[in-house]
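Chains, contacts and geometry: an overview
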Amino acid sequence: MRILVTGGAGFIGSNLVDRLLADGHEVVVADDLSSGSNRAPRAEFHQIDVRDPALAEAADGAEVICHLAAQISVRASVADPLTDARVNVEGTLNVLEAARAKKVRKVVFASSVARYGRPETIPVPGNTPARPMSPYAASKVSAEAYLSAYRALYGIEYTTLVLSNVFGPRQSPGGEAGVVAIFTDALLGGRPTVLFGDGSQTRDYVYVDDVVDAFTRACGPRGDGEVFNIGTGAQTSDRALHTLIAAAAGVPDEPDLAPARLGDLPAMAVDPRPAFDGLGWRPEHDLASALKLTVDWVRNAQ
Ligand SMILES: NC(=O)c1ccc[n+]([C@@H]2O[C@H](COP(=O)([O-])OP(=O)(O)OC[C@H]3O[C@@H](n4cnc5c(N)ncnc54)[C@H](O)[C@@H]3O)[C@@H](O)[C@H]2O)c1
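Note that the coordinates shown come from a computational prediction; the quantities given were computed from them, not determined experimentally. (Residues numbered from 1 in each chain as written. Predicted model: local features only at pLDDT ≥ 70, side-chain atom pairs only at ≥ 80, totals over all residues. Heavy atoms only, no water.)

Moving on, we come to the layout of surface pockets. Remark: the empty space left among the atoms is shown by a probe the size of a water molecule rolled over them. Counted as a void, the second largest pocket has a volume near 150 Å³. In this structure, the second largest pocket is lined by 14 residues; those nearest its centre are Gln-171, Pro-173, Asp-185, Trp-297 and Val-298. At the level of secondary structure, the elements contributing two or more residues to the lining of the second largest pocket comprise α6 (179-188) and α10 (287-301). In the lining of the second largest pocket, the residues fall into 6 nonpolar, 6 polar and 2 charged. (1 Å grid on protein atoms, 1.4 Å probe; cavity = no way out; pocket = protein on both sides within 12 Å on 5 of 7 lines; lining within 4 Å. Points joined across faces, edges and corners; volume = space filled by probe spheres on them. Helix = DSSP H or I, 4+ residues; strand = E, 2+ residues; numbered from the N terminus. Nonpolar A, V, L, I, M, F, W, Y, C, P; charged D, E, K, R; others polar.)

If you want it as structure tokens, here you go:
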């Protein structure tokens, strides 16, 4: 199958491209290289902004578009909501226009658990309504709404994957949310690490290979018109995560403490079970061994 991956030079996108190539697919990447830098030699590459109408040329002959190109920072979206909306809303609309022009069967979309805002129930059940609390979350939910509209109007199928905290090889330690990458980079580099608050804040960490597996399944016949949580359902505290990464790195587990940051969610995890039935998907990696794989990758890359 010919598959277009937007954001295919980024952390999750480039891991997806490698997997799709290994599975024997023909892969086209569209990425403006604004943050991503991973270029798979065997994929056709278009350096292009996801808002550029010429994106349709990259979509030519594609059966599926995996749409991952995005402005990914919540803080940047608060500071500059218009740029966030231009990339994430207009960009998704342009992907859908390309899909319409080139008769693409389906778009698989990378949404975020940010869509749930401050959820009442954790793990957040599937089919929980969106309640965005940041421009980033609002832009993701808006993009989801356009997917629904284009399915109704033009029969373009979609699957939305609501990703929890993804980690693994190629994640940048420069971002705000890649806590695993930030801790790993600092601990291996012999630099101090900081825990905010009392370290009890929790997140649902899912390994990038498992996320990529969900995308590959959604590229097939399953999950049309559905929204699936992609996480593990388990909560891991910042303190416990630090302990696991320090153990994997073989260094002392001695983070510095700093005051809690205003607005940080105290807890998050999503219930992935609807994706078990809907996509035949399950997260296969346990946290400790996936962290070890990640630490080993960073050590080799440094
Ligand atoms: N990493 C996570 O934990 C996580 C969680 C939830 C959702 N997501 C979503 O998954 C997707 C991939 O995230 P990631 O962590 O791999 O981020 P990333 O920054 O590594 O990848 C994003 C890619 O998009 C490209 N890009 C950005 N703006 C573009 C534009 N205007 N035109 C073309 N390309 C552009 C970047 O160059 C980069 O290669 C994003 O949509 C993100 O919102 C990620």
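Evaluation of the coordinates by the stated rule reveals 21 salt bridges. Glu-44 is the partner of Arg-2 in a salt bridge, and the nearest nitrogen-oxygen pair spans 3.2 Å. With Arg-2 in strand β1 (residues 2-6) and Glu-44 in strand β3 (residues 44-47), this pair connects stretches of sequence that are 42 residues apart. On the basis of relative accessibility, which here comes to 17%, the residue Arg-2 falls in the buried class. Note that Glu-144 and Arg-115 form a salt bridge whose closest N and O atoms lie 2.8 Å from each other. With Glu-144 in helix α5 (residues 135-154) and Arg-115 in the loop between β5 (106-112) and α5, this residue pair connects regions lying 29 residues apart in the sequence. The class of Glu-144 is buried, set by a relative accessible area of 8%. According to the relative accessible area criterion, Arg-115 is buried, its value standing at 8%. Members of the salt-bridge network, linked through shared partners, are Arg-19, Asp-23, Asp-213 and Arg-217. (Salt bridge = Lys/Arg side-chain N within 4 Å of Asp/Glu carboxyl O. Buried < 20%, exposed > 50% of the residue type's maximum accessible area, 1.4 Å probe, protein only.)

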